[in-house]
Amino acid sequence: MTVRIFSSFPRCFPKPSSGAAPPRGRLRSTLRPKPHGIANLKLALKQQKSAFVSSSQKAKMSDDEADPELLALLRQHLQGKLNLDDEPETGVLEGAEYVYDNSIDVALDMRATKNAAAFIYDQMQQKQYSTETWAEHELHPKTKDESTVAFIFIMDLLNFSFWSLRPEGERFAVSYRDKTWTGYWSLVASLQRALEEDIPITDPHFWVDEEECNLESLRHVFRSCTDEEIPLLEARLTCLREAGQVLYEKYNCSFTNCIEAANGSAAALVNLLARDFTCFRDEFQFEGRRKPIRFLKRAQILVADIWGCFNGESYGAFRDIDKITMFADYRVPQILATLGCIGYSPPLQSLISRKETIESGSKYEMQLRACSIWCVELIRREIKRHYPEAKVNAILIDFFLYDTMKSMESDGKESMPHHRTRSIWY
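Scoring rules and cut-offs
Residues numbered from 1 in each chain as written. Predicted model: local features only at pLDDT ≥ 70, side-chain atom pairs only at ≥ 80, totals over all residues. Heavy atoms only, no water. Helix = DSSP H or I, 4+ residues; strand = E, 2+ residues; numbered from the N terminus. Buried < 20%, exposed > 50% of the residue type's maximum accessible area, 1.4 Å probe, protein only. Contact = heavy atoms within 4.5 Å. Areas by Shrake-Rupley, 256 points an atom, 1.4 Å probe, with all protein chains shown as cover. Polar contact = N/O pair within 3.5 Å; in protein donor to acceptor, adjacent residues only side chain to side chain. Axes fitted to C-alpha atoms, helices over the stretch in contact; angles between N-to-C directions. Parallel < 35°, antiparallel > 145°, perpendicular 65-115°, else oblique. Left-handed = near helix turned anticlockwise from the far one by under 90°. Nonpolar A, V, L, I, M, F, W, Y, C, P; charged D, E, K, R; others polar. Patch = residues over 30% accessible without salt bridge, like charges linked within 9 Å, V, L, I, M, F, W, Y side chains within 5 Å. Salt bridge = Lys/Arg side-chain N within 4 Å of Asp/Glu carboxyl O. Lys, Arg positive; Asp, Glu negative; His and termini not counted. Charge placed at Lys NZ, Arg CZ, Asp CG, Glu CD. pLDDT = per-residue confidence, 0-100. Disulfide = S-S within 2.5 Å. Phe/Tyr/Trp six-rings, centres within 6.5 Å; stacked < 30°, edge-to-face > 60°.

Looking only at helices and strands, the protein chain has 18 helices and 6 strands in total. A buried classification covers 52% of the 426 residues belonging to the protein chain. Sequence-distant contacts, at least 24 apart, represent 76% of the contacts inside the protein chain between residues at least 6 apart. For the protein chain, the accessible surface area stands at approximately 20400 Å², while carbon and sulfur atoms represent 50% of it.

So, in structure tokens, the structure goes:
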């Protein structure tokens, strides 16, 4: 029988006794789904009240007195002059918290999460981790123009499912620039190699040309230096076809037009991708919730990669980039478990340890992904609590954790395997 809370992985700190102050540094979230109407007005007031009401006024105000600021906001709302819902939201964090609150197979260790926050921030400071780190890798584009946007689009359009059950020397790998690349880097190496061979792999016109772009030509683009073929090749072709068709019909064959349509909002661009491209619509139903749980891993990482590549400028200028969450895949949950931040129920732990495939969209898999998103959010909040001026968000934390886990893998220091799910979502 699966238990809800594991004694070694407390979901939150013990509740304080009556009248006692909450424990310092408590990580438990105060974020809830965005309220509407009057509740939204009250929330806005609470956030701004310190700017309007002096301490002495606060002391004199009783619960029976009308709040003039709230009345003013309510008056604007009724007159149609106030709209607190103008800015788009992806809903990813809201859904992740819901799954976390109802999870029975994945739990967070709050003490370990706080310790991880300190470790991660310290390491990011030592390594000077920032958006500039993105372009430092030899395979990532170095130019900053429209062709770079096109490269990043196809890169994240096909950024999924590279794991293998074969030994390291037999798994899918790409030989490029006198090196052998695996995982995500095998995809980037394949795309760079294709461009050097004058294959227009970043051109949507090529994707919809059934004579030029087909399984045979893609096998050449993603040819391996081992006997194992890139996973889900047919699904990758389907993604290219659909994306090419959508860009042709709605965005004049250029993803830069999608960026312009988002009007400087990262959340709007993520929502646009999920709305117009089914291959980016990474969402599933979860028991007890009417709305689907949104993960949108590839849509979010596409926005994040553009932001990172352009260093938050030009095509990468997004006013709300901090709304992007961690990218729910299989590597970040692995390192979060390695750090002791998350733990699994015995049945789930057994599946992962035996490297058995966990079905995409299953309750196990959704808990793994959602609790990882929430864990990284708590890490971010803990860092910001101690260092309010720190330029850190979920994107940079994710990039750092992913790079760290890949480094541990290459050094043979993996203490536990990652979960196995075969899908186009990650």
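We are not done yet, so read on.
Turning our attention to the side chain of T90. Position of T90 relative to the elements: it lies in the loop between helix 3 (68–78) and helix 4 (92–101). Residue class for T90 comes out buried when judged on its relative accessible area of 6%. Of the polar contacts made by the side chain of T90, one reaches the backbone nitrogen of V92; its length is 3.2 Å. What T90 contacts, discounting residues up to four positions off in sequence, is A267, V270, N271, R294 and K323.

Positive phi, close to 65°, is recorded for D198, a residue that is not glycine. Of note in this structure, N311 is not a glycine but carries a positive phi near 55°. Structurally, N311 is set in the loop between helix 14 (297–309) and helix 15 (331–338). Judged by its relative accessible area of 33%, N311 falls in the partly exposed class.

What follows is about the packing of helix 7 (residues 146–157) against helix 11 (residues 233–250). Two measures define how a pair of helices packs: the angle their axes make with one another and the distance between the axes. Closest axis-to-axis distance for the helix 7/helix 11 pair is 10 Å, and the angle between their directions is 140°. When the interaxial angle is binned, helix 7 and helix 11 end up oblique. In this structure, helix 7 meets helix 11 at a crossing whose hand is right-handed. Here F153, I154 and L157 of helix 7 come into contact with helix 11, specifically with C239, L240, A243 and L247. Residue composition of the contact of helix 7 with helix 11, by class: 7 nonpolar, no polar and no charged.

Another point: a negative patch on the surface. Taken together, the side chains of D209, E210, E211 and E212 make up a negatively charged region of the molecular surface. Mapped onto the secondary structure, E210 falls in the loop between helix 9 (204–207) and helix 10 (215–221). Since its relative accessible area comes to 58%, E210 is described here as exposed.

Quick look at the confidence of the model for the protein chain now. Looking at the protein chain, pLDDT values average 86 and 80% of them are 70 or higher. Confidence over residues 1–64 falls short of pLDDT 50; this stretch has 101 contacts with residues more than four positions distant or in other chains.

Bringing the state of the cysteines into the picture now. What the rule picks out here adds up to 0 disulfides. Unpaired in terms of disulfides, C279 finds its nearest cysteine sulfur in C239, a separation of 4.5 Å.

Further remarks concern the packing of aromatic side chains. When we look at a pair of aromatic rings, we describe it by the centre distance and by the angle of the planes. Scanning all chains against the criterion turns up 14 aromatic pairs. Plain terms: the ring middles of F310 and Y315 are 5.6 Å apart, the flat faces sit at 75° to each other, and that makes the pair edge-to-face. The class for F310 is buried, based on a relative accessible area of 5%. Judged by its relative accessible area of 22%, Y315 is partly exposed.

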